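Next come the chains, spelled out residue by residue.
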Amino acid sequence: MNQKIVYLYYMKIILLGFVFMLAATCCFAQNRQAILKVMHTQEEAWNRGDIEAFMQTYWKSDSLVFVGKTAPAYGWQTTLDHYKQTYPDKAAMGQLSFKIIQLKVLDATNAFVLGGWKLTREKDTPGGYFTLWFRKIKGEWKIVCDHTS
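Residues numbered from 1 in each chain as written. Predicted model: local features only at pLDDT ≥ 70, side-chain atom pairs only at ≥ 80, totals over all residues. Heavy atoms only, no water.

Per an unreviewed UniProt entry, the recorded name for the protein chain is SnoaL-like domain-containing protein, and the organism is Mucilaginibacter gossypii.

Student: Report on the side chain of threonine 148, specifying residues and quantitative values.
Tutor: With respect to the element layout, threonine 148 can be found in strand β6 (residues 140–148). A distance of 2.4 Å separates the side chain of threonine 148 from the side chain of aspartate 146, its partner in a polar contact. Setting aside chain neighbours within four positions, we find threonine 148 in contact with Phe66, Val67, Gly68, Lys69, Trp117, Tyr129 and Phe130. (Helix = DSSP H or I, 4+ residues; strand = E, 2+ residues; numbered from the N terminus. Polar contact = N/O pair within 3.5 Å; in protein donor to acceptor, adjacent residues only side chain to side chain. Contact = heavy atoms within 4.5 Å.)

Student: Give me the lowdown on the packing of aromatic side chains, citing residues and values where you can.
Tutor: Aromatic rings considered in pairs are described by the distance between their centres and by the relative angle of their planes. Scanning the entire structure with this criterion turns up 9 aromatic pairs. For the pair tryptophan 46 and tyrosine 83, a centre-to-centre distance of 5.8 Å together with 75° between the ring planes defines the contact as edge-to-face. With a gap of 37 residues between them, tryptophan 46 in helix α1 (residues 2–47) and tyrosine 83 in helix α3 (residues 76–86) connect regions that are remote in the sequence. Each of the two residues, tryptophan 46 as well as tyrosine 83, counts as buried. Pairwise contacts between aromatic rings join Trp46, Phe54, Tyr58, Phe66, Tyr83 and Tyr87 into one cluster. Positioned over the ring face of tryptophan 76 is lysine 60, at 4.4 Å from the centre of the ring. (Phe/Tyr/Trp six-rings, centres within 6.5 Å; stacked < 30°, edge-to-face > 60°. Buried < 20%, exposed > 50% of the residue type's maximum accessible area, 1.4 Å probe, protein only. Lys NZ or Arg CZ within 6 Å of the ring centre and 35° of its normal.)

Student: Which residues make up α3, and what values go with them?
Tutor: What α3 keeps buried is the set Trp76, Thr79, Leu80 and Tyr83. Viewed along the axis of α3, the buried residues span an arc of 100°, placing them on a single side of the element. (Arc of directions from axis to C-beta.)

The following block contains the structure:
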């Protein structure tokens, strides 16, 4: 009788562990899809020429970090101003496309994305790479640090 109780106890532990792993995997997959949706939202907004909508995917905070070719810049408004100055019109913005190289959900509130970007414009096709740190803030994935080259 004791052996049967011990066996059932261990089976419950194994089953609970399996259920927990399955739930964690499901949550990570949902977070991954949500982050990919943010990236797609960025492409769509950019390709409409809507920098304001593009910026809604960033953390609206003075603590946002954007690292470009020259130096780190801090703050949502500073980043928006930079984009507007660098890309003053739809022709300068061109058509944006991303290539996601790696997306890692680190935990329930942090994720890392490595990717490539390309602009297709009438006279050129500049591109480069980016690393993004995403944080889940108030239930939404937001970019809190962007390093684009």
